[in-house]
Amino acid sequence: MGSDPSRRELLRRAITAGAVGVAGSALRSPARALGAASASSSDAAEVGRLLRFELLVGFVYQHVLASSILSGDARKAVEQLGVQERAHVSALSVALDRLGGTPPAGPANIAAADKDLAGRRVSGRLGQLRGGRDALRLLLALEHVAEGAYYGSMTALGDPKLLRLSAEIMGSEAQHVTVIFVLLHPGELTQAVPYAFVQGRR
Amino acid sequence: MVIEDACGSRRALLGGVGVTVAGGAVVLLTGCGGSSPAPAAVKTVPVRVRQIDVGIFNRSLHLERRSIAAYTAGIPLLTGSVAKAAEQFLSQELAHAGELLGLIHAAGGTPIPRAPSYELGHPRTAAQVLSLLEQLENQQLAAYLDAIPRLSPGPVRASVASILANDAQHVSILRMALGSSPASAAFVTGRN
């Protein structure tokens with residue numbers, strides 16, 4: 001189901017995201033510097049939020065795969081999506097680092113992950129999965145929230161390169177929703193893409 | 001396959017979809033998708049659409065119209081659930097075009113004239129149609145990704161991003177139908 005993000009691609013992402021910090025060198029006035037610093041701080045806060053969420057997503061994928069609750073094609077598909085989610089974490093981590101932000105912590109354990117899921121009104125609990133379909137439903141719900149997070153970032157972010165990164169990841173999360181839906185409902189291609197405007201769940 | 005633009009025959013589908021224009025350069029972005037109602041901030045706050053973005057919207061509109069023509073012409077070569085999905089995607093592309101038209105009008109701009117036809121090659125099989133559609137959707141993705149960082153304000157970017165994400169889903173299903181990986185890259189660029 002495709003290849004792991006290459007090291008070159010991840011490096012390109014890092015350079016792209018890192019260009020954010022260079023802007024300050026071109027400033028000529030204290031007022032503009034203050035505005036830019038404020039914008040950068042705002043972007044750092046938003047990237048931090050996105051990263052914290054992606055760490056939750058990564059934790060859930062990791063636990064689902066480690067539990068061997070999925071098998072066959074579903075497992076292979078979810079493995080690939082998990083790899084992509086890790087790439088999202090990497091790109092956001094680099095972006096946050098370049099912005100001088102403090103990296104958030106991911107869930108320490110299943111209970112913490114479940115608490116975070118509940119706080120985000122994601123249906124399903126990592127500690128209560130009863131089978132493969134439960135796991136897929138949880139992942140689907142999580143990916144819908146991911147869509148919503150990146151949709152929201154379009155109004156929260158200011159830096160063009162971060163906006164582009166966020167849009168690329170939003171596209172990926174939307175594809176994840178589609179893939180997982182079809183795993184749950186094979187052949188139901190129409191229902192897999194029900195809305196002309198994807199906004200996710202917030 | 002030179003296809004006459006079919007948008008005129010579908011105009012009835014566009015009514016009330018996506019955007020409500022409320023005078024001058026202000027538009028309410030009513031977002032009609034997602035798995036829950038649109039966030040209140042996007043749904044109820046009037047947004048001023050910038051005239052300088054009209055060029056971006058028109059370029060995107062051209063690409064959407066081209067895809068609409070391709071879906072319209074290609075669907076008869078598809079069958080079963082794939083054909084049904086393509087019909088749905090056609091409706092969604094029409095909605096995207098409607099949204100872009102609304103943004104252009106809200107910005108006080110003029111939509112580009114419809115092309116009389118589009119050069120889409122000569123697909124003769126379902127696989128060739130699906131490949132063409134995938135290619136066109138990817139070109140839309142690439143264009144939206146270039147556009148989003150340049151658009152302002154935020155709700156306008158969000159509206160365009162919601163279109164991009166839908167087109168990304170179209171690519172997934174088209175690739176599934178072609179037997180390819182439906183989510184082949186961690187970052188959707190339209191060039192994957």
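If you're wondering where the values come from, they're calculated on a predicted model, not measured in any experiment.

K.L.:
Lay out the overall build of chain A with the relevant residues and their values.
P.N.:
Scanning chain A for helices and strands turns up seven helices and zero strands. For chain A, the succession of helices and strands along the chain, N to C, is α-α-α-α-α-α-α. Counting all 202 residues of chain A, 49% fall into the buried class. Of the contacts made within chain A by residues no fewer than 6 positions apart, 75% connect residues no fewer than 24 positions apart. Carbon and sulfur atoms form 54% of the exposed surface of chain A, whose accessible area is close to 9000 Å².

K.L.:
Please set out the pattern of salt bridges residue by residue, giving values where relevant.
P.N.:
Counting across every chain of the model gives eleven salt bridges over all chains. Where A:Arg137 meets A:Asp134, a salt bridge forms, and the shortest distance between an N and an O atom there is 3.2 Å. Highlighted residues: A:Arg137 and A:Asp134, both in helix H5 (residues 132-156), separated by three residues, approximately one helical turn. Overall, the relative accessible area of 15% leaves A:Asp134 in the buried class. Between A:Glu168 and A:Arg164 there is a salt bridge; the shortest N-O distance is 2.9 Å. A residue pair is termed a helical-turn pair when its members lie 3 or 4 positions apart in one helix, as A:Glu168 and A:Arg164 do in helix H6 (residues 160-184) at four residues. Through salt bridges with shared partners, a single ionic network connects A:Arg164, A:Glu168, B:Asp146 and B:Arg191.

K.L.:
Tell me about the interface of chain B and chain A, residues and numbers included.
P.N.:
Counting residues at the interface gives 53 residues for chain B and 50 residues for chain A. For the pair chain B and chain A, the summed buried surface comes to about 4100 Å²; carbon and sulfur atoms form 64% of the total. Applying the counting rule to chain B against chain A returns one salt bridge. Across the salt bridge formed by A:Arg164 and B:Asp146, the nearest N and O atoms sit 2.8 Å from each other.

K.L.:
I'd like a rundown of the packing of helix H2 (residues 30-66) of chain A against H6(A), residues and numbers included.
P.N.:
Angle between the axes and distance between the axes: these two values describe a pair of packed helices. Residues and elements named next belong to chain A. Their axes nearest at 13 Å, the elements H2 and H6 cross at an angle of 25°. Put simply, H2 runs roughly parallel to H6. Relative to H6, H2 is oriented so that their crossing is left-handed. Here Asp-43, Val-47, Leu-50, Glu-54 and Tyr-61 of H2 lie close against H6, whose contacting residues are Leu-162, Ser-166, Ile-169, Glu-173, His-176 and Ile-180.

K.L.:
Run through the packing of aromatic side chains, naming residues and quoting values.
P.N.:
Residues and elements named next belong to chain B. A full pass over the atoms with the stated rule returns one aromatic pair over all chains. Their ring planes at 90° and their centres at 6.4 Å tell us that Tyr-71 and Phe-89 sit as a pair that is edge-to-face. Highlighted residues: Tyr-71 in helix H3 (residues 54-74) and Phe-89 in helix H4 (residues 80-106), separated in sequence by 18 residues. Across this residue pair, the class does not change: Tyr-71 and Phe-89 are buried.

K.L.:
An account of the environment of A:Ala87 is requested, with residue identities and associated values reported.
P.N.:
Residues and elements named next belong to chain A. Within the secondary structure, Ala-87 sits in helix H3 (residues 72-98). Residue Ala-87 is classed as buried on the basis of its relative accessible area of 4%. Remark: the alpha-carbon pair of Ala-87 and Ile-169, spanning 82 residues in sequence, is separated by 9.6 Å.

K.L.:
Go over H6(A) with me, naming the residues and quoting the values.
P.N.:
Spanning 25 residues, H6(A) covers 36 Å between terminal C-alpha atoms, matching the ideal 36 Å at 1.5 Å per step. Two to three positions downstream of the cap, the backbone nitrogen of A:Lys161 sits 3.0 Å from a side-chain oxygen, assigning the N-cap of H6(A) to A:Asp159.

K.L.:
How would you explain the packing of H5(A) against helix H6 (residues 154-177) of chain B if you had to name every residue and give the values?
P.N.:
One can describe the packing of H5(A) onto H6(B) by two numbers: an axis separation of 7 Å at closest approach and a directional angle of 145°. Relative to H6(B), the crossing made by H5(A) is right-handed. Contact residues: H5(A) offers A:Glu147, A:Tyr151, A:Met154 and A:Thr155, while H6(B) offers B:Gly154, B:Pro155, B:Arg157, B:Ala158, B:Ala161, B:Ser162 and B:Gln169. Per-class residue counts for the contact of H5(A) with H6(B) are five nonpolar, four polar and two charged.

K.L.:
Account for the confidence of the model for chain B, with residues named and values stated.
P.N.:
Residues and elements named next belong to chain B. Residue-level pLDDT values for chain B average 83, and 76% of them are 70 or greater. Of the regions scoring below 50 in pLDDT, residues 2-32 engages in 83 contacts with residues more than four places distant in sequence or in other chains. Segment residues 35-43: pLDDT under 50, and 21 contacts once partners within four positions in sequence are set aside and those in other chains are kept. Across the predicted assembly, pTM comes out at 0.85 and ipTM at 0.86.

K.L.:
Which residues make up the side chain of A:Gln84, and what values do they have?
P.N.:
Summarising the element assignment, A:Gln84 is placed in helix H3. Within the structure, the side chain of A:Gln84 is placed 2.7 Å from the backbone oxygen of B:Ala183, a separation counted as a polar contact. For A:Gln84, the residues in contact, after removing those within four places along its chain, are A:Ser172, A:His176, B:Ala183, B:Ser184, B:Ala185 and B:Ala186.

K.L.:
Explain the environment of B:Ala69 residue by residue, including any values.
P.N.:
Along the polypeptide, B:Ala69 turns up in helix H3. Residues B:Ala69 and B:Tyr118, 49 residues apart in the sequence, show an inter-C-alpha distance of 7.4 Å.

Thresholds, definitions, all that
Residues numbered from 1 in each chain as written. Chains lettered and ligands numbered in written order. Predicted model: local features only at pLDDT ≥ 70, side-chain atom pairs only at ≥ 80, totals over all residues. Heavy atoms only, no water. Helix = DSSP H or I, 4+ residues; strand = E, 2+ residues; numbered from the N terminus. Buried < 20%, exposed > 50% of the residue type's maximum accessible area, 1.4 Å probe, protein only. Contact = heavy atoms within 4.5 Å. Areas by Shrake-Rupley, 256 points an atom, 1.4 Å probe, with all protein chains shown as cover. Salt bridge = Lys/Arg side-chain N within 4 Å of Asp/Glu carboxyl O. Buried area = accessible area lost by both parts, 1.4 Å probe. Axes fitted to C-alpha atoms, helices over the stretch in contact; angles between N-to-C directions. Parallel < 35°, antiparallel > 145°, perpendicular 65-115°, else oblique. Left-handed = near helix turned anticlockwise from the far one by under 90°. Phe/Tyr/Trp six-rings, centres within 6.5 Å; stacked < 30°, edge-to-face > 60°. Expected span 1.5 Å × (residues − 1). Polar contact = N/O pair within 3.5 Å; in protein donor to acceptor, adjacent residues only side chain to side chain. Nonpolar A, V, L, I, M, F, W, Y, C, P; charged D, E, K, R; others polar. pLDDT = per-residue confidence, 0-100.

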